[in-house]
Amino acid sequence: DIDATMDFGRDMTKTPGIVAKSNIRLVDETHLGDDPLDRELCLKANEAAKDLFFGNDYTTSKQATDNSEDEETLKLIDCSLYNEQHLPPARRLIQPNDLVVVFESFNDLNFVYATPNDIFSNRNGHFHHNDFIGKPYGCKIRSKDNEGLGFLYLLRPTPELWARSLPHRTQIVHELDASMITHYLEISPNMTVCESGTGSGAMSHVILRSIAPKGKLHTYEFNKMRVGKARKEFEGHGLGHLVQVHHRDVCGKKNLLAAKNGANSEEGIEQSAEDDALTDSATTDVDNDDMNEEEEVDDGKGGFQLGQAAAHAIFLDLPEPWLAVPHAAYTIKPNGRICSYSPCMEQTQKTVAAMKQNGFHSMRTVEARLKEYYVDEYEMETPPSDLLDIPTEEAVSLEKERQVGGTQKTKESEDKTDNDIKVNGKKRSIDSVKGPSRKILCARPFAHMRGHTAFLTFATAGNKLRPDPNASLT
């Protein structure tokens with residue numbers, strides 16, 4: 001079994017459903033009996049079962065060619081073999097080494113791996129990991145110091161919570177854009193998806209949840225340090241079986257640079273490789289454990305290296321996505337969906353032009369803004385139901401004239417205090433006529449709203465297969 005800290009990465013459980021309990025199967029000829037009516041009925045039932053499992057075309061083709069049916073194929077006609085699959089029940093208690101999202105305040109989330117004898121410290125105090133292990137997700141933990149006044153909440157990790165607490169190696173795709181990308185790319189379980197620009201891995205987790213349990217995400221990153229970090233995180237979260245991290249520049253800038261300079265492509269690639277080596281040697285904070293010794297080598301040609309029509313959907317989060325569009329057109333399946341995430345309109349315009357040149361259609365660019373509301377209960381007083389003696393306009397104007405003219409206050413005005421009002425002709429205090437208070441659920445918008453993030457450009461691939469852009473380089 002796969003021990004994943006995020007529930008969607010765990011193995012599916014199988015239980016007999018309506019289909020498995022229907023008892024539809026082939027009746028063996030040894031059980032047909034001697035009654036001609038029973039035999040004919042069973043033979044027709046077997047033909048109906050074949051049509052149900054394989055379709056009418058299968059039965060018709062067998063009758064036309066008079067071919068003997070494969071016994072292994074006929075064994076598949078048994079509904080008891082097809083159980084329903086669903087996610088296992090969510091793990092309730094925190095286990096050692098589990099990923100836990102730490103809720104410190106409304107805008108401050110962090111994460112820890114629950115390691116025995118470790119301590120998590122923040123401004124609220126010191127929190128021992130041993131107190132986390134065995135506790136249910138969502139519980140409240142008190143600090144060991146400060147007389148236990150400091151506290152935090154332990155939350156179950158989800159792609160959205162992970163995006164708010166992860167260490168930012170690059171800018172990330174936030175939850176609103178991520179939800180729109182997943183929706184408009186029409187990502188569903190068991191798909192093959194390509195993502196270029198792994199970055200911090202926030203969008204990768206969203207895609208992985210959508211393609212589980214048997215899908216595959218191929219994510220590409222040109223920075224060697226980020227490749228190692230992302231691979232280590234996926235494995236630590238129990239999602240390694242759903243994703244393959246590639247160290248590759250899908251745009252093929254090395255070859256483009258060499259061609260632009262008029263130099264030999266191999267010389268340009270070698271020079272770029274030397275530059276990468278200098279960059280890697282200058283990065284001293286990378287652990288050797290984060291790197292894979294058998295990691296693929298970027299040949300500089302670009303592309304996804306999966307073959308033609310291999311991916312159902314492709315997501316591009318690149319500075320120059322238009323350079324990767326020809327490679328995406330070669331890799332994507334007919335009628336597949338593509339999305340480009342670009343902060344600037346100039347990037348979007350170049351990308352749309354490249355999409356048109358490479359057989360994509362139905363381009364659409366959108367920008368999403370999130371306006372959040374704070375929802376809470378407020379205690380409000382019910383208006384009084386008794387009739388109040390409200391003075392007329394004429395009485396109010398006369399009172400103002402007397403005050404301006406310096407006339408003396410009447411005895412009635414002297415006796416009246418600020419807390420007294422007349423109700424049905426009788427003087428009563430304000431407190432006596434107040435209605436009962438009750439709580440009302442109210443919503444108010446936040447004072448600030450997140451600004452522009454990016455333009456999302458969606459398009460659909462055509463029915464015609466596109467050639468490999470790297471074929472012209474050989």
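That block above? That's the structure.
Please read all numbers here as calculations on a predicted model, not as lab measurements. (Residues numbered from 1 in each chain as written. Predicted model: local features only at pLDDT ≥ 70, side-chain atom pairs only at ≥ 80, totals over all residues. Heavy atoms only, no water.)

Participant: Give me a nonpolar patch on the surface: which residues, what numbers.
Facilitator: A cluster of nonpolar residues, V19, L76, L81 and Y82, forms a patch on the protein surface that exposes about 360 Å² of accessible area. Residue position: L76 is located in the loop between α3 (71-74) and β2 (84-86). Classification of L76 as partly exposed rests on a relative accessible area of 42%. (Patch = residues over 30% accessible without salt bridge, like charges linked within 9 Å, V, L, I, M, F, W, Y side chains within 5 Å. Areas by Shrake-Rupley, 256 points an atom, 1.4 Å probe, with all protein chains shown as cover. Salt bridge = Lys/Arg side-chain N within 4 Å of Asp/Glu carboxyl O. Helix = DSSP H or I, 4+ residues; strand = E, 2+ residues; numbered from the N terminus. Buried < 20%, exposed > 50% of the residue type's maximum accessible area, 1.4 Å probe, protein only.)

Participant: Hey, could you go over the sheet that holds strand β7 (residues 140-142) for me, with residue numbers and the actual values?
Facilitator: The strand order across the open sheet built from four strands is β4-β3-β8-β7, with neighbouring strands paired in antiparallel fashion. Either end of the sheet is taken by a strand with one partner, and the two such strands are β4 (108-113) and β7. Direction aside, the axes of adjacent strands within the sheet are offset by 35 degrees on average. Across six bridges, the pairing between strand β3 (residues 99-105) and β4 is antiparallel. (Pairing = 2+ DSSP bridges. Axes fitted to C-alpha atoms, helices over the stretch in contact; angles between N-to-C directions.)

Participant: Go over the sheet that holds strand β11 (residues 243-247), please, and point to the residues and values.
Facilitator: Read from one edge to the other, the open sheet built from seven strands follows the order β11-β10-β9-β12-β13-β19-β14, with strand pairing classed as mixed. The sheet terminates laterally at β11 and β14 (360-366), the two strands that pair on one side only. Between one strand axis and the next, the sheet turns by 15 degrees as a mean value, whatever way the strands run. Alignment of strand β10 (residues 216-221) against β11, held across five bridges, turns out to be parallel. Pairing of Y220 across the sheet is with H246, part of β11. Of the strands in this sheet, β12 (311-316), β13 (332-342), β14 and β19 (455-461) touch helix α6 (residues 175-184), which is tilted by about 10 degrees from β19. Along the sheet, helix α8 (residues 224-236) makes contact with β10 and β11, crossing β11 at roughly 170 degrees. (Contact = heavy atoms within 4.5 Å.)

Participant: I'd love a proper account of the packing of α6 against helix α7 (residues 202-211), names of residues and values included.
Facilitator: As a packed pair, α6 and α7 sit with axes 10 Å apart at the nearest point and diverge in direction by 40 degrees. In this view, α6 runs oblique relative to α7, as classed from their interaxial angle. For the pair α6 and α7, the crossing hand works out as right-handed. In this structure, α6 contributes A178, I181 and T182 to the contact, and α7 contributes M203, V206 and S210. (Parallel < 35°, antiparallel > 145°, perpendicular 65-115°, else oblique. Left-handed = near helix turned anticlockwise from the far one by under 90°.)

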